[in-house]
Amino acid sequence: MHQAINACLAPLYSVEGMHVITVEGVGNCRRGLHPVQESLACSHGSQCGFCTPGFIMSIYALLRSSQEPPTLEQIEESLAGNLCRCTGYRPIVDAFRVFAKTNDSLYVNGALEGHSGQFICPSTGKPCSCGLKPGNEDEKLKTDRCSVDDYSPVSYSDTDGTIFTNKELIFPPELLLRKLTYLCLTGLNGLNWYRPLKLQHVLDLKARHPDAKLVVGNTEVGIEMRLKRMEYRALIYIAHIPELNQLSLNDEGMEIGAAVKLSELMKVLQTVSGKRPLYETSSCRALIEQIKWFAGTQIRNAASIGGNICTASPISDLNPLWMAAGAKFCIIDGKGNIRTCLAEKFFLGYRKVDMASSEILHSVFLPWNKQYEFVKEFKQAHRRDDDIAIVNAGMRVLFEQRDTKWVISDASIVYGGVAPVPLFAYKTKLFLIGKTWSKELMQDALEVLQEDIVLKENAPGGMVEFRKSLTLSFFFKFFLWVCHHIDGQTSCPSGIPSSHLSAIQPFHRTSVTGSQDFDITKHGTAVGSPEVHLSSKLQVSGEAEYTDDTPVPPNSLYAALVLSKKPHARILSIDDSGAKSSPGFAGIFFAKDIPGNNNIGPVIADEELFASEFVTCVGQVIGVVVADTHENAKNAARRVHIEYDELPAILSMKDAIHCNSFHPNTEKCLRKGDVDLCFQSDQCDKIMEGEVQVGGQEHFYLEPNSSLVWTVDNGNEVHMVSSTQAPQKHQKYVSHVLGLPMSKVVCKTKRIGGGFGGKETRSAFLAASAAIASYLLNRPVKLTLDRDIDMMITGQRHSFLGKYKVGFTNNGKVLALDLEIYNNGGNSLDLSLAILERAMFHSDNVYEIPNVRINGRVCYTNFPSNTAFRGFGGPQGMLITENWVQRIAMELKKSPEEIREINFQREGSVLHYGQKIEHFTLDRIWNELKTSCDLYNARKEVDQFNSNNRWKKRGIALIPTKFGISFTTKFMNQAGALVQVYTDGTVLVTHGGVEMGQGLHTKVAQIAASSFNIPLSSVFISETSTDKVPNATPTAASASSDMYGAAVLDACEQINVRMKPIASTRNYSSFAELANACYMERIDLSAHGFFITPDIGFDWKTGQGIPFRYFTYGAAFAEVEIDTLTGDFHTTKADVTLDLGFSLNPAIDVGQIEGAFIQGLGWAALEELKWGDPAHRWIPAGFLYTCGPGNYKIPSVNDVPLKFNISLLKGAPNAKAIHSSKAVGEPPFFLASAVLFAIKDAIVSARAEVGCSDWFPLDNPATPERIRMACPDEFTKAFVDSDFRPKLSI
Ligand SMILES: Cc1cc2nc3c(=O)[nH]c(=O)nc-3n(C[C@H](O)[C@H](O)[C@H](O)COP(=O)(O)OP(=O)(O)OC[C@H]3O[C@@H](n4cnc5c(N)ncnc54)[C@H](O)[C@@H]3O)c2cc1C
Ligand code: FES
């Protein structure tokens, strides 16, 4: 049996004696890819590739361990613990869908073959890589299938053409014969690892080491040691103790060994539930449901029930259920005596249990349920998949029938997440016993429940009102659920309307389906063709190298940063003696040591590389420590002691505005018409004022920032490899802080594991920090940030605040907009002004407004500097707009779509900054989408659903967008490239852009291939390097394919011109022959290409100009369903249409749209940054609480819309960019706001149920907390008014 586990949590010695397969072993480009690798690569399921090996291993483990082909559901479930930030997941699911058993007849030889002999995938109906490569008929007969029972061989070695299955890994026979042995190993810092094989031995060890930690999955201990920096001396690995792994059934119940893994328990519970009488297994079924949403597969494969119980987390998903189900814990002491303790009595305090240090948990006894006993689980988390609960619960009630009444003879109501221990609601239990199960009882019980649950206003974790509301909502759901199941009846007891059953309909997610609709307009050999990402095969096999994979030169050191712990303070003293005496220490450097200039900044130099006197945010860099290992460097950095004199800190935009705290010279204004006059005249029937808060977002690129820096010629030159979107900025910063000329500093970037704007400017100071140490010690230095540090110090998408005044007519025509717009710049300007400006440009979204005044300012706050993020302020500006548009619709009782349409811009419209709209395609997009999503009927169906369901509501929205393409700073719109043709006819292209998953290199290579009329495989792009293409603009603003594509084309055309005279002399049989002939004639086959975006320019003095070369238009329709009692939601449908002209590569473009949409969905509805600010006083001031995947939740595979359709507008060439294409990276991001507005639409229906018809704010992200608290009902009214607005860090 093979299982997927998390490499970062599994201690190496826990797999001693096991067969460990990593992605490298599954298949590779030399030996041949495994079908799962091949399929993912060819389905466009790998963009930056950083997440890809994880997905490969999850699906490989599933296929390898499945007795029969898995179902689609199992496949998606196995991916729930993997995150991808680029793809939007759909292509990943599609890639693996082919391994699911659907209909066997579809998989037989020749059943599905396209005209060109391509294999057509039975699942997707498209040509697919899981079929056989044409041309090998013998093998084809054997292998033209892609179901799991015969899914191979479908893949061949690129080198020798051999078939993959020849090399499928076998289970090593020597491991079959090998006997496990006792292990005692000593590691770093005196840590001992014991692997006993007998229970008595465990007890003896525990007696010898009372403080030892027992380990099974290490999913808790591992987190404690790695992230909470807890140090343990002895770890006792108990996974192989037979008694602790037993699972036995008797007449009373089942006994589950403490080391039993959750996935194992799940299987047994499923089997038991199918075999025993239904009523006996109510607890089992509740446990099954709870385990389904417990972490991801990888964690469930490793984590044990004992580990979960003994960790005693107040938010454990299982402990409330054990308690409610009346489970008993069997505890064994050093002498082998076993005592039992009711689960209900086991938890004594915060992470404190009723167990002596000499005792361990032996097993759990779960009793079968009695007749008329009902047990139910509840859990609400931020994200449904792989997330810890905000509140969870286990509830049980036992009835006896007296006359015709059901009387409660016992009950347990237990909550997690509302107290330091799982909270047993004793008062409620006592109240319930002896009463009849009725609506009146439920209402009275809710009152008692409120006495049981006391959550203080400033309770850690916040969300107090939400958590309290959830406790009542859960009880109400339990009440209805029991009503529904009582006496085995499926009909509802009288008095409960059938629409209320919506409260208890279980969530069932169907598999993701979708379509990708586009035309292919080919230009030459490659342009326009849906080619796969050029690195995809290297990525699926784990062979693609990222910065941190670069082999370090001998004598290398590792760096860690010394960071500020105060948001604003004067540094009084720095004591680095602790660091200097820590193991492996090699050097420490502060501001005083900087050989060049300490003042840095991408636009103005308003930052210090190392803080010299003042710190202005938590996480500001004060110095750098280097040591022989990464761990030692981090340890040394922690041992630097800094004394501060704390100063007042500005910790929100509202504080900044109140204190007049703005970055200097950032006041900007755009005007059109006369706003004041319009408001004063009687043209406007209505004038509305309001405020929109727009939440920030973490980039969460999967590859954290990393730089490897080394000196050449004893420090005469400095070279580096960096994970950055802007190698030139790294070169510039390093030269600046070292005082070296830029010509002596080289930065190279092969590829990066996602950037999204986060590695444009906020990674350069990291490279510069490493360079200081490298230069001063004359040794190579690597700095790779841990995830939490990366999130804490490198800035995020700006939060925004918009204060609007809008005047409009009774039919919805907007006449005037007066907008004040602010963004949270943080403690340095960075790119905040350009981001504010773009937000101001996009504050009309797609609407014609005759009178506009927009004033913008960048707030100075004591947070790490915020920075570029996909959309660069555009989405924030447009979100503010769509908020007031939606409000006008509510005010006028019209549909938002009607208000949108009546205000649309059109061909020739002049925007509020003077640019004229040309080649307007939004009207076509809008009408096509409106038809394809059948808006009219969708609305009718939603209304129908909502009138039939009290506690579940659906909502829809159709949102347009227009995104300006170009850097709004004119000089940045330039690009260079170097093209070299070799005598074998292959071409090496180097350009200034960075490949970060967006497929830039693939598109650019297609352009070169078409230009030379050669196959794409003849073109190669190795890396981006400042010594090949100088002064490159960062890869950003969606414009890189336009600009670098054009620069490469320029170079190719120069070479073509030089080759032409030779080519015209005779017919060359190949490009190689021609290239060689040119060489023999001494023709220069290398050219530098250059491109500047023409006809753009903007003057802020006049507020007029043409900032954008053109616009990318699009629209999206979304439908969602919310649970008004818990705030849970899912997107049932999303249709996106975008105008991308003649796409350079429609497959890559579809991938960009899907990825942007899902990232946008995170911003709109999932991802919440919580800072230590006035809204979250339980977090230390200035600290980021949500600084890791544990509590910052990006979308996972289960957040993808159930139906996800993407269309590219057809027949709309764009005259203003290369090969008639359009830019794609940022424009689709905002379209995910359709999900936010669909949620709002659903909430409108929920509020109507209680008579609230007024407009209400809904901030992004629309998390379960915001959704739930916007749906006032009898359960929330105990705690808040209907206008309650949950807190948001802005
Ligand atoms: C990514 C992730 C997601 C998670 N999601 C969830 C979730 O959704 N819901 C949830 O409830 N939890 C969740 N957790 C926490 C998880 O439940 C626990 O980490 C896990 O159940 C612990 O089991 P383990 O075998 O890995 O424990 P280990 O880390 O091996 O041990 C944990 C603790 O239990 C003690 N212990 C273990 N066995 C015994 C025993 N027999 N007797 C006495 N003490 C013992 C150890 O000494 C140690 O202190 C998540 C954790 C991670 C990392
Ligand atoms: S491809 Fe998944 S994170 Fe980049």
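Fair warning: this is a prediction, and the values are worked out from it, not measured in the lab. The numbers attached to residues start from 1 for each chain and follow its sequence in the written order. Chain A is the first chain written and ligand 1 is the first ligand written, with later ones labelled in order. Side-chain atom pairs in this predicted model are given and counted only at pLDDT of 80 or more, local residue features only at pLDDT of at least 70, and totals for whole chains, interfaces and linings cover all residues. Remark: hydrogens and water are excluded; side-chain values derive from all non-hydrogen atoms of the structure.

**Comments concerning the environment of Asp 713**
We apply this condition: Strands here mean DSSP runs of E at least two residues long; helices mean DSSP runs of H or I at least four residues long; both are numbered from the N terminus.
Mapped onto the elements of the fold, Asp 713 is located in the loop between strand S27 (706-712) and strand S28 (717-722). Here the alpha-carbon distance between Asp 713 and Lys 537, two residues 176 residues apart in the chain, equals 37 Å.

**Describing the sheet that holds strand S8 (residues 338-342)**
Heads up, the condition is: Strand pairing is assigned whenever DSSP detects at least two bridges linking the two strands. Interaxial angle, 0 to 180 degrees, is taken between N-to-C directions of lines fitted to C-alpha atoms, where a helix line uses only the stretch in contact. Whether two residues are in contact is decided by their heavy atoms: any pair within 4.5 Å suffices.
Read across the sheet, five strands follow the order S5-S6-S11-S7-S8 without closing on themselves; strand pairing throughout is antiparallel. Bordering the open sheet on either side are strand S5 (247-249) and S8, each of which pairs with just one other strand. Averaged over all pairs of adjacent strands, the angle between strand axes in this sheet comes to 20 degrees, irrespective of strand direction. Both strand S7 (residues 328-332) and strand S11 (residues 360-367) contribute to a ladder of five bridges, which runs antiparallel. Looking across to S11, one finds that Ile 332 is bridged to Ile 360. Strands in contact with helix H8 (residues 199-208) are S7 and S11; relative to S11, the strand with the most contacts, it is inclined by about 125 degrees.

**Here's the deal with the packing of helix H33 (residues 1040-1063) against helix H34 (residues 1071-1080)**
As a reminder, the rule being used: Angles are sorted into four bins: roughly parallel if under 35 degrees, roughly antiparallel if over 145, roughly perpendicular if 65 to 115, and oblique for all others. All residues other than Ala, Val, Leu, Ile, Met, Phe, Trp, Tyr, Cys, Pro, Asp, Glu, Lys and Arg, Gly among them, are scored as polar; the first ten of these are nonpolar and the last four charged.
It is at 10 Å that the axes of H33 and H34 come closest, and there the two elements cross at 95 degrees. When the axes of H33 and H34 are compared, the pair comes out roughly perpendicular. Contacts between H33 and H34 involve Met 1059, Ile 1062 and Ala 1063 from the first element and Phe 1071, Leu 1074, Ala 1075, Ala 1077 and Cys 1078 from the second. Split by residue class, the contact of H33 with H34 holds eight nonpolar, no polar and no charged.

**Quick notes on the pairing of strand S35 (residues 974-981)**
What counts is decided by this rule: Each residue is assigned to one of three classes by its accessible area relative to the maximum for its type, calculated with a 1.4 Å probe on protein chains only: buried under 20%, partly exposed between the two thresholds, exposed over 50%.
Burial of S35 is extensive: seven of the eight residues sit out of reach of the surface. Relative to strand S39 (residues 1086-1092), S35 is paired through seven bridges, and the arrangement is antiparallel. Bridge pairing in S39 places Ala 977 opposite Gly 1089. Across five bridges, the pairing between S35 and strand S36 (residues 987-991) is antiparallel. Bridging from a neighbouring strand, Val 979 pairs with Val 989 of S36. Linkage of S35 to S36, two consecutive antiparallel strands, is achieved through a turn of five residues, within which Gly 985 is found at a positive phi near 85 degrees.

**Some words on the pattern of salt bridges**
Selection criterion: Salt bridge criterion: a side-chain nitrogen from Lys or Arg within 4 Å of a carboxyl oxygen from Asp or Glu.
Across all of its chains, the model carries 63 salt bridges by this definition. Between Asp 818 and Arg 853 there is a salt bridge; the shortest N-O distance is 2.8 Å. Placement of Asp 818 in strand S32 (residues 814-826) and of Arg 853 in strand S33 (residues 851-860) is noted, with a sequence separation of 35 residues between them. Pair check on accessibility: Asp 818 and Arg 853 agree, each one buried. A cluster of three or more residues bridged by salt bridges with shared partners is formed by Arg 90, Asp 94, Arg 97 and Glu 1154.

**Considering the UniProt feature "binding site: substrate" (unreviewed entry) in the protein chain**
To keep things clear, this is the line we draw: UniProt positions are given in the numbering used here, feature names are shortened, and annotations may be inferred rather than shown by experiment.
Mapped onto this structure's residue numbering, the UniProt feature "binding site: substrate" (unreviewed entry) falls at Glu 760, Arg 838, Phe 872 and Thr 968. Examined against the element boundaries, Glu 760 turns out to sit in the loop between strand S29 (745-749) and helix H25 (764-777). Relative accessible area serves as the criterion here: at 4%, Glu 760 is assigned to the buried category. If sequence neighbours within four positions are ignored, Glu 760 has contacts with Gln 725, Ala 726, Lys 729, Leu 831, Ala 868, Pro 1034 and Ala 1036. Overall, the relative accessible area of 17% leaves Thr 968 in the buried class. Excluding residues that lie within four positions of it along the chain, Thr 968 makes contacts with Glu 837, Arg 838, Phe 841, Pro 1107 and Phe 1108.

**Here we look at the packing of aromatic side chains**
How we decide: Here a pair means two rings of Phe, Tyr or Trp (six-membered ring of Trp) with centres within 6.5 Å. Their orientation is stacked below 30 degrees between planes, edge-to-face above 60, and tilted elsewhere. By definition here, charges over rings are those cases where NZ of Lys or CZ of Arg is within 6 Å of the ring centre and within 35 degrees of the ring normal.
Throughout the structure, instances matching the rule amount to 40 aromatic pairs. Note on Phe 476 and Trp 951: the rings are 5.2 Å apart at their centroids and 70 degrees apart in plane angle, and the pair reads as edge-to-face. Taken as a pair, Phe 476 in helix H18 (residues 464-485) and Trp 951 in the loop between helix H31 (935-948) and strand S34 (952-965) lie far apart in primary sequence, 475 residues in all. Residue class for Phe 476 comes out buried when judged on its relative accessible area of 4%. Where Tyr 913 meets Phe 1108, the ring centres are 6.1 Å apart and the plane angle is 80 degrees; that geometry is what we call edge-to-face. Highlighted residues: Tyr 913 in the loop between helix H29 (896-903) and helix H30 (922-932) and Phe 1108 in the loop between strand S41 (1104-1106) and strand S42 (1110-1123), separated in sequence by 195 residues. Given the relative accessible area of 1%, Tyr 913 is considered buried. Given a relative accessible area of 0%, Phe 1108 falls into the buried group. In this structure an aromatic cluster arises from ring pairing among Tyr 372, Phe 374, Phe 399, Trp 406, Trp 437, Phe 478, Phe 479 and Trp 481. Its guanidinium or amino end placed over the ring of Phe 700, Arg 787 lies 4.6 Å from that ring's centre, counting from NZ or CZ. The residue whose ring lies beneath Lys 1240 is Phe 1256, and the NZ or CZ to ring-centre distance is 5.2 Å.

**What to know about the side chain of Asn 883**
This is how the line gets drawn: Pairing of N or O atoms within 3.5 Å defines a polar contact, subject to two protein rules: one partner must be a possible hydrogen donor and the other a possible acceptor, and residues neighboring in sequence count only if both atoms are side-chain atoms.
Turning to its location among the elements, Asn 883 is positioned in helix H28 (residues 874-892). Among the residues examined, Asn 883 registers a relative accessible area of 6% and is labelled buried. In terms of polar contacts, Asn 883 uses its side chain to reach the backbone carbonyl oxygen of Leu 879, at 3.0 Å.

**Details of the nonpolar core**
Generally speaking, soluble globular proteins have nonpolar side chains that are buried together. Stated precisely, the cut-off is as follows: Each nonpolar core is a collection of buried residues, namely Ala, Val, Leu, Ile, Met, Phe, Trp, Tyr and Cys, held together in the definition by side-chain atoms within 4.5 Å.
The biggest cluster of nonpolar side chains holds 235 residues, and the ones touching the most others in it are Phe 96, Trp 884, Phe 1157 and Ile 1239. Formed by 53 residues, the second largest nonpolar core is a distinct cluster that contains Ala 459, Phe 475, Phe 478 and Leu 501.

**A look at H29**
The line we're drawing: What the arc describes is the spread of directions from the helix axis to the C-beta atoms.
For H29, the full list of buried residues reads Pro 896, Glu 897, Ile 899, Arg 900 and Asn 903. Along H29, the residues classed as buried sweep out an arc of 160 degrees about the axis, all on the same side. Looking at the buried positions of H29, the neighbouring elements they touch are S32, H28, H30, H31 and S34.

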